[in-house]
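Inside the fold
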Amino acid sequence: MEALVRVQYLAVDGEQTVENARGYLNSQVQSRCSMVFAVGEAPRAAVRDNASAHADVRFVVFAAALPEAKANVSVLELSRAAVRTAVIDETGAGQQ
């Protein structure tokens, strides 16, 4: 099985606030991304506050935990291996 995956990296520019991160999260949702990864305090908080409004998007945050679980949010330990595994698991890119 092959999967078509397009990866886009966006860093929150300027002050690292939830409000600034929300703008980047919204741009990913408007671009019809089916999966959004969030690393850093402000991006994680933006996902925490906004994931429920975007039930058709899968969010992966890298943290020890989030205060409350959301059906479309996965929490992973931050590591390069965790990122690779999450992408393969969620997209099926490594399956043949």
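Residues numbered from 1 in each chain as written. Predicted model: local features only at pLDDT ≥ 70, side-chain atom pairs only at ≥ 80, totals over all residues. Heavy atoms only, no water.

In terms of helices and strands, the protein chain carries 3 helices and 3 strands. Overall, the protein chain shows an N-to-C arrangement of helices and strands of α-β-α-β-β-α. Looking at the protein chain alone, contacts between residues at least 24 apart form 33% of all its contacts between residues at least 6 apart. If you sum the accessible surface of the protein chain, you get close to 6500 Å²; carbon and sulfur atoms cover 49% of it. (Helix = DSSP H or I, 4+ residues; strand = E, 2+ residues; numbered from the N terminus. Contact = heavy atoms within 4.5 Å. Areas by Shrake-Rupley, 256 points an atom, 1.4 Å probe, with all protein chains shown as cover.)

Now for the packing of aromatic side chains. Here a ring pair, both rings aromatic, is described through the centre-centre distance and the interplanar angle of the planes. Counted according to the given criterion, the structure contains 1 aromatic pair. Here Phe37 and Phe62 contribute two aromatic rings whose centre-to-centre distance is 6.0 Å and whose plane-to-plane angle is 20 degrees, an arrangement assigned as stacked. Here Phe62 lies in strand β2 (residues 58-62) and Phe37 lies in strand β1 (residues 35-38), a separation of 25 residues in the sequence. Given the relative accessible area of 31%, Phe37 is considered partly exposed. (Phe/Tyr/Trp six-rings, centres within 6.5 Å; stacked < 30°, edge-to-face > 60°. Buried < 20%, exposed > 50% of the residue type's maximum accessible area, 1.4 Å probe, protein only.)

Attention now goes to helix α1 (residues 18-30). Given a rise of 1.5 Å per residue, 13 residues ought to cover 18 Å, and the 18 Å separating the end C-alpha atoms of α1 matches this to within 8%. Among all positions of α1, only Ala21, Leu25, Gln28 and Val29 are buried. Seen along its axis, α1 keeps its buried residues to an arc of 100 degrees; they face one direction. Residues of α1 that are exposed and angled more than 90 degrees away from the buried face: Glu19 and Gln30. Where α1 terminates, the next one or two residues include Arg32, which has phi positive at roughly 65 degrees. (Expected span 1.5 Å × (residues − 1). Arc of directions from axis to C-beta.)

Applying the stated criterion to the full structure yields 2 salt bridges. Here Arg22 ties to Glu19 by a salt bridge, and the two come within 2.5 Å at their closest N and O atoms. Highlighted residues: Arg22 and Glu19, both in helix α1, separated by 3 residues, approximately one helical turn. With its nearest N and O atoms 2.9 Å apart, the salt bridge here joins Arg48 to Asp49. Given a relative accessible area of 43%, Asp49 falls into the partly exposed group. (Salt bridge = Lys/Arg side-chain N within 4 Å of Asp/Glu carboxyl O.)

Keep in mind these values describe shape, not function.
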